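Results of the structural survey
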Amino acid sequence: MSAENIVHMETDVLIVGAGGAGMSAAIAAAQAGSRVIMADRSLIGRGGATIMAQMTVAVALGEQTPDDWRNHYADTLKAGRGLCSEPLARLLCERGIDSIRLMDSWGVGWARADGHLTQAHAPGHDRPRCVYVDYLNTGPAVAKTLRTQVARDDRIARLGDILVVDLLIDGGRAVGVVALHLTTGERLVIRAGAVIIATGGLTRLYKRNSASLNMGGDGYALALRAGARLIDMEFVQFFPIGHLAPRLVGFDPIMWDPFRYKLGGRLLNGLGEEFVEKYGHAAENQGYTVTRDAATYAILKEVEAGRGSPAGGAYLSFRHVPEADLRKAFGPIIDKLAANGIDLTKNDIEVAPIAHYHMGGIRVDVGMATDIPGLYAAGEAVGGANGANRLSGNAITEAITFGLQAGRSAAAFAQAAQPAGEAQAARLAAPALAMLDQESEAPAPGANVAAFIARLQEIMQSHVGPFRSEEGLNLALREIAQLRDTCGQTLAGGTGPQDPERVDALDLRNMLLVAEAVARSALARRESRGAHQRDDYPGLDDGWTLNQTLSWRDGQWTLATQAVERLTPEEAKSLASHEQVGQA
Amino acid sequence: MNTENHATMICLDVQRGVGAGATRIQRYELPAGAAASLLDGLRWVREHLDPTLALRYSCINANACKECMMLLDGKVVYACVARMQPGATHSVAPLANKARIRDLISEIAPVKERLAGEQEDDDE
């Protein structure tokens, strides 16, 4: 190692992550006059969760039917089972309108019919509210539109293949990061007036997930190690009808949701019976109305009772839908299914819950500022807006709206901030740089870091998944500690370009920390609410209408509760006096 | 290996090497059930046989990120949608027209989105 192969860089606003939230933040920060570096561990605008979005983007545009953001807000709070931060949920619903109109003005191509945008009626919404891009193209269209806007602004430097390893904290303030340039193996020290974490969620912690590879909770780990608090970490959303069987090549496992929006479909147990209504929800013939937490619960309880489908889930059937209707709704997708040997007029498919989204995340104020001055968060990396369960369609709206907000806030902070000097940054960076400088020996037999990640995913799926118990959570915590011991202090892999063991080792370092955060929060919440279901504490406990926060300082976890953040009495009064537009 | 066993296995002859350095072919044998797609198979190899094998992908199975481009039997494919033939031996290599970084990873980022590209811009 020598100091000269460390690359030093400097900017006003550094954004970690280039998905929907990161790109939106970059656009807003640059428009506010900041020089921006947007770094992503993968390609720009291709690797996060945004591009995976299949269909719905919820926002009260009132195009399909009269609407008002306050209706969307009421649905968001209801879905969140009492735990949404009201200021954050309000920001999402109220300012989301501008975000989605902005995307429209940039030519994203929201589906239109009869002279207006088409809005689908997704579960949990009181009316049709979700715009989309056909066919199943919402995520790619949103990502492409933002990529184009980002590329037009030369104040934004886009840097792919950069894995951020640790934040630099100087006197309690975020002043930059240490990163690894994957293409060369070079180590980077990037100084910044403000840093925005836009790294998405943590669904890669689970064996069955709908995530991209990058969603291993990197941003939560960065925030924890920097001393920032996380919130609501126990609430991991499982998407109820993830594709299970037969094996499909080239489809995202959440693909069946749009089919449900457009065509309904019937959810059946292994005996071919409809079962959702047995758990106190409207029957499926009333339309697709059951929320994600409730459907996940119903499917897994059927499986537990021995009434699952052969692969361990439920059947989803569209056999009653005429082929002409299937074609009209999904055109080329029907041919792609045929190439996989699936004819929906003849075959049922099997579905089961998969980890999909994280309601929890970094605790921020309504300006997206974290506990650490100079450190902001945006998108799924933020916790609090969605409480114990996220409403369908809120994720993209949140990514763009919170991204724009974080970009503005970070730009304002950076303008007034005194940047750290290169020598000071180098001193702060020394421990992380030394860690990255390790060159490990060839792996011992059995010490396969990719297999360790798979082991962690199994532990989380089995014990920290949709159903939890004290026994299982304690077991998970012991297994996580054991895995950490097995990995030891030395990072696997070496200092060369794109060393897959080194990348896995850095990922596992983050994943173990974040997995522990989820398990600890879940263990402490002795009730069942939304996405957090405890076998040993069934039922919602009003005494637990509280958010949990979690921090990790000097190796010590601090778990605390706080009252749910409400609007001020004046704000609440103005909402209450609002006469709901278009209310039946 | 008898015929019956043979049909339950897939062989991948993977071109390996770092940068402009030497290239070698490494053979991996895996159960056919572990590889509906080439990407499934390569991920299985990393978890079960060889964590040092480098490949890049992001979205895993959705064919959304377009990162998993490589050569399968000489043709450019997305590994996540390329199907494997039980009993077959496939050759796997990095893209021929891009610089190799390691094993199956090529430099696919647009020039304006590379660290080196950024530095060059700064020098202008």
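Rules behind the numbers
- Residues numbered from 1 in each chain as written.
- Chains lettered and ligands numbered in written order.
- Predicted model: local features only at pLDDT ≥ 70, side-chain atom pairs only at ≥ 80, totals over all residues.
- Helix = DSSP H or I, 4+ residues; strand = E, 2+ residues; numbered from the N terminus.
- Buried ≥ 20, exposed ≤ 12 C-beta atoms within 10 Å, placed from the backbone.
- Contact = placed C-beta atoms within 7 Å.
- Pairing = 2+ DSSP bridges.
- Axes fitted to C-alpha atoms, helices over the stretch in contact; angles between N-to-C directions.
- Domains from an automatic or database assignment.
- Nonpolar A, V, L, I, M, F, W, Y, C, P; charged D, E, K, R; others polar.
- Core = buried A, V, L, I, M, F, W, Y, C linked by C-beta atoms within 7 Å.

This part is about the overall build of chain B. The helix and strand inventory of chain B stands at three helices and seven strands. For chain B, the sequential pattern of α-helices and β-strands runs α-β-β-α-β-β-β-β-β-α. Of all 124 residues assigned to chain B, the portion counted as buried reaches 40%. Restricting to contacts in chain B with at least 6 residues of sequence separation, those with at least 24 account for 43%.

Attention shifts here to the sheet that holds strand β20 (residues 546-553) of chain A. The pairing of strands in a sheet happens through backbone hydrogen bonds and is either parallel or antiparallel. Residue and element names in this part refer to chain A. Reading across the sheet, the four strands line up as β16-β11-β20-β21 and stay open at both edges, with antiparallel pairing between neighbours. The two strands at the open ends of the sheet, each matched to only one other strand, are β16 (361-362) and β21 (556-563). Judged from the two bridges that link them, strand β11 (residues 230-231) and β20 form a sheet pairing that is antiparallel. Looking at β20, one finds that Leu 230 is bridged to Leu 550. Each of β11, β20 and β21 touches helix α14 (residues 500-524); the most contacted strand, β20, lies at about 140° to it.

Once that is clear, we can look at the domain arrangement of chain A. Residues and elements named next belong to chain A. Looking at the assigned domains, one finds that chain A contains domain 1 (3-236 + 356-431), domain 2 (239-353) and domain 3 (439-546). In this complex, domain 2 contributes five residues to the contact, which on the side of domain 3 involves five residues. When residues in the side of domain 2 that touches domain 3 are grouped by element, the largest group, four residues, is from helix α7 (residues 292-304). Among the residues making up the side of domain 2 that touches domain 3, the classes are represented as three nonpolar, one polar and one charged.

That bond from Asp 134 of chain A to Tyr 135 of chain A is cis: its omega, -25°, falls within 30 degrees of zero. The topology assignment puts Tyr 135 of chain A in the loop between β6 (130-131) and α4 (138-152). The residue Ile 60 of chain B is not glycine, and still its phi comes out positive at about 75°. Mapped onto the fold, Ile 60 of chain B is located in the loop between α2 (38-48) and β3 (69-72).

Our focus in this paragraph is the sheet that holds strand β15 (residues 349-358) of chain A. All names here are of chain A. Spatially, β12-β15-β14-β13 is the arrangement adopted by the four strands of the open sheet, whose pairing is antiparallel. At either end of the open sheet lies a strand with only one pairing partner, and these are β12 (236-245) and β13 (266-268). This sheet shows a mean twist of 45° between the axes of neighbouring strands, independent of strand direction. Both strand β14 (residues 314-317) and β15 contribute to a ladder of three bridges, which runs antiparallel. Bridge pairing links Ala 314 to Val 351 in β15.

With respect to the helices, strands and loops of the structure, Arg 225 of chain A is situated in helix α5 (residues 218-226). As a C-alpha pair, Arg 225 of chain A and Gly 387 of chain A span 162 residues in sequence and 24 Å in three-dimensional space.

A few words on helix α6 (residues 256-263) of chain A. Each α-helix turn comprises 3.6 residues. Residues three or four places apart therefore point the same way. Residue and element names in this part refer to chain A. Across the eight residues of α6, seven count as buried, placing the element largely inside the fold. Within the span of α6, buried status applies to Trp 256, Asp 257, Pro 258, Phe 259, Arg 260, Tyr 261 and Lys 262. Packed against the buried residues of α6 are β12, β14, α8 (323-330) and β15. Positive backbone phi, at 80°, marks Gly 264, one or two positions downstream of α6.

Right, let's get into the nonpolar core. Residues and elements named next belong to chain A. Formed by 223 residues in total, the largest nonpolar core has its most connected members in Val 13, Ala 26, Ala 179, Val 195, Ile 196, Ala 377 and Ala 378. For this core, the element with the most residues is α14, which contributes 13 residues. For Ala 26, the residues in contact, after removing those within four places along its chain, are Ile 15, Val 36, Met 38, Val 150, Ile 156 and Gly 407.

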